[in-house]
Amino acid sequence: MDYLDVLNDEQRKAVLHEGASLLILAGAGSGKTRVITTKVAWLIREKGYDPRSILALTFTNKAAREMSSRAQGIEPLAASVLMRTFHSFGAWFLRRNHALAGLPAGFVIYDDDDSAALLSSIMEDAPRAEVKEAARLIARAKDYFLGPEDALLAKVDHRLNFRKLYAAYEERLKAIGNVDFGDLIKKPVELLRNNADLKRQMQSRFKCILVDEYQDSNIAQFELLKELSGPESYVCVVGDDDQSIYRFRGAEVRNILDFPTLFDNVDIIRLVQNYRSTTQILQLAGTVVNKNKGRLGKELVAVRGSGKKPVLSYVANQQEEAVFCATLIKGSLAAGAQYSDWAILYRTNAQSQTFQTLFTEQQIPYQVVGALRFYEREEIKDALALLSLLANPKDEVAFRRVANKPTRGIGPSAMDKILMSETLSTDTDIPGLSTKAKQGLMEFIAALDEGKKTLNPDKTVREVNAYMRHEVRGSSTVVRGSKIKNTVRGVEGLSKTIAVLVNESGIARYHVERDEISGQDRLENLQELANAATPYAANMDGLLEFLEHLELDREAVSEANNKILSENEKPDLVTLITLHNTKGLEFPRVIITGLEQGIFPREDKQGEDMEEERRLFYVGVTRAMNELYLTSCRSRFLYGRTTIQTASVFLKEAGMENMQVLGSSANNFSHYPGREFMSTLPGGGVPAPKTSSDGRWTTGNKVYHDEMGYGAVVAIQEDEQDGPLITVQFENGRQKTFLSLYQSKNYDKIGSEY
DNA sequence: GTCGCTTCCTTTTTT
DNA sequence: AGGAAGCGAC
């Protein structure tokens, strides 16, 4: 029983809890994963649960893998526990019950881009922004478990048109026979509701259901949990309302707040002892999140010592910000720290660029988590579209994408005509199709057929795929890049299929020829994709498994290849990561960058959204074990121009007493009413007033603008061509830069926008 | 139907 | 700054 000895009282209580339902409110760093994994082990070992009767749901693949490996570390039998993300579970479920769900066996999962592509073919010539917005709303509707007919759909969008559009989209998707992300949750719920047998079968299989990060579940996921759990089930959810950061994609905090009333006989256990961070870091985190109104309210108890005071550094711009980070990191090495002790956190992926450039220059090894847009690259999506067409020939999104690439005379009108006809086949006579288009279509179908020939028609079971994956990964059979630089090579398994498809269809050649330099890169990417497919069986099951894996776990490709490169040794790397992606992680030393209004928090955030932004800051801060640094830029190069930045409101909220300040802020704080507050700023206060070269403006001047209302001059820059540029902070929170020329004498008006 | 030039528009965060 | 869509020319 020694594995239970490492737990504190609360944790042990949670592990040993029995009954109907358990809600574990687990603060940051309170050993939540340890509790779940230990509980899984305990259920198997002490309570005699069949591992296959336990289902553990998470929100990220990383979390699922981590959970699985840690549980297996305690109890090897935990390998048979189904530990998956909600979406991956949904895919698993639909794959096994596709017939009941009215889906073809080879259904493919559409990502947001594919959904938008389908939608745009419905919305004819609507601007892309409109299409994307509509796609977003449909996804949101599915998050809330709302169909086109639902009365409550107005909650998502009240326009009558939206209902029609949503219905049309659903119809098309059904005709194609594919599903989107939202369907992976929504369809299983519908299936379970309409099929008592299936429901009974599922409820008797899963005797115990555990959900991690429950605060980020949406309504549809809640419904799924409800359907899966029967009167005999044991349901245990773990979460922290302070770490709810996915409202924007439909997460519903009420799920966790109301859990006790939504499930029967709920016991609540709180884990508040924080083992991760030093007291000073926790204090800063707590000070900020305390400003939120909509929270259960809990105080973390620090177990560790006081530690080092968090440091706030004002820097000139993002270059200096990167230099500051590099200097910190390099300096720490002498003191015995490693690169991997460090994580650099930012609000948006785009911010990682500056760090990457500088770190490469200074030879600081790093890894970028999450932003690897490998999967979103044009050539990769092209190759996957070809594969998708083998799995589901009716996939019109895929067809539109690649049928005329390279051009073979199938233009938009020909494309429509072809898609009007039922199946994708040469012997179908398509009315009104030009000879050229017909010829092109035959070529395209011939290429697909070549790909199909590489697939073994035998139905090989999944175990064989798993076996192959195990065998091949890390072996030397992987091709690194072909010598003849215009084709992709495939060695074994599914890699052959990809090689044949991209070569025969001309996609490989198309990309190579289109651009001499980037063409080679693209070819290498295609090669990498083929390499990643090597472990998968060359049959329909292997193909579906591969597509599903990529669709649901976007980092899969690069990870598979990284594993081969690095073998057993863990590389010593600095981590560059978005704040959202850090959930569940911890690092000895953390730098949260870009603490500026408009960046973090984003300018348009208010009310509930602002509270979420605050929670995101809380999540970031509580990742740090020993040292925490915050950086804020005075100016930033954004949207192709330099913008004067205002320090983040979070810096003020965190409390000056909770941090040590380096450098000084020349910034105004938009959320303060006047200049007087500037002297209260951390770091020293009012910069010396500056006057423009034409003598017309001095920082601090009050101004009035017809549209923007009242404001104050917060910065003056001199431009070689345009003369003085006056940056004004308005009371409405916006900031604008103007030319000096048009002001009137009494400073009541300012002129044309710069 | 295809190619190339111009304009305008963009940036959250993720399964 | 950089990419995508739109427009006009072959």
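Just above, that's the structure.
Reference entry: report on the structure contained in this document. Computed from a predicted model, the values in this text were never measured in an experiment.

### Topic: the pattern of salt bridges
When charged atoms on two side chains of opposite charge get close, those side chains can pair.
Next, step 1: Scanning the model with the defined rule gives 45 salt bridges in all.
Next, step 2: Between glutamate 18 and lysine 47 there is a salt bridge; the shortest N-O distance is 3.0 Å. In this pair, glutamate 18 is assigned in the loop between helix H2 (9-16) and strand S1 (21-26) and lysine 47 in the loop between helix H3 (32-45) and strand S2 (54-58), connecting sequence segments 29 residues apart.
Next, step 3: On the basis of relative accessibility, which here comes to 36%, the residue lysine 47 falls in the partly exposed class.
Next, step 4: The partner of aspartate 183 in a salt bridge is lysine 142, with the nearest N and O atoms 2.7 Å apart. In this pair, aspartate 183 sits in helix H9 (residues 183-194) while lysine 142 sits in helix H7 (residues 128-143), placing the two residues 41 residues apart along the sequence.
Next, step 5: Overall, aspartate 183 belongs to the buried group, its relative accessible area being 2%.
Next, step 6: In the salt-bridge network here, residues are joined through shared partners; they are Glu378, Glu379, Asp382, Arg401, Lys405 and Arg522.

### Here we look at the environment of arginine 193
Next, step 1: Counting through the fold element by element, arginine 193 comes out in helix H9.
Next, step 2: Taking the C-alpha atoms as reference points, arginine 193 and threonine 261, 68 residues apart in sequence, are found 21 Å from one another.
Next, step 3: Those residues in contact with arginine 193 that lie beyond four places of it in its chain are Phe145, Glu223 and Glu227.
Next, step 4: Within the structure, arginine 193 has its side chain in polar contact with the side chain of glutamate 227 (distance 3.1 Å).

### Details of helix H15 (residues 318-334)
Next, step 1: Counted at 1.5 Å a residue, the expected span for H15 with its 17 residues is 24 Å, and the 25 Å between its end C-alpha atoms agrees.
Next, step 2: Three or more residues of H15 are buried, namely Gln318, Glu321, Ala322, Phe324, Cys325, Ala326, Leu328, Ile329 and Ser332.
Next, step 3: Put simply, asparagine 317 is the residue that caps the front of H15, since its side-chain oxygen is 3.0 Å from the backbone nitrogen of glutamine 319.
Next, step 4: Positioned one or two residues after H15, glycine 336 has a phi angle of 95°, which is positive.

### Comments concerning the nonpolar core
Next, step 1: Judged by nonpolar contacts, the single largest core of 49 residues is most densely connected at Leu384, Leu529 and Phe546.
Next, step 2: Contributing elements (two or more residues each) for this core: helix H17 (378-391), helix H18 (396-402), helix H19 (412-420), helix H20 (435-453), helix H22 (494-504), helix H23 (507-514), helix H24 (516-533) and helix H25 (540-552).
Next, step 3: Examining the composition of this core, we find that nine residues originate from one element, H17, more than from any other.
Next, step 4: Not counting residues up to four positions away in its chain, the partners in contact with phenylalanine 546 are Leu384, Leu387, Leu494, Ile498, Leu529, Ala532, Ala533 and Tyr536.

Conventions we followed
Residues numbered from 1 in each chain as written. Chains lettered and ligands numbered in written order. Predicted model: local features only at pLDDT ≥ 70, side-chain atom pairs only at ≥ 80, totals over all residues. Heavy atoms only, no water. Salt bridge = Lys/Arg side-chain N within 4 Å of Asp/Glu carboxyl O. Helix = DSSP H or I, 4+ residues; strand = E, 2+ residues; numbered from the N terminus. Buried < 20%, exposed > 50% of the residue type's maximum accessible area, 1.4 Å probe, protein only. Contact = heavy atoms within 4.5 Å. Polar contact = N/O pair within 3.5 Å; in protein donor to acceptor, adjacent residues only side chain to side chain. Expected span 1.5 Å × (residues − 1). Core = buried A, V, L, I, M, F, W, Y, C linked by side-chain atoms within 4.5 Å.

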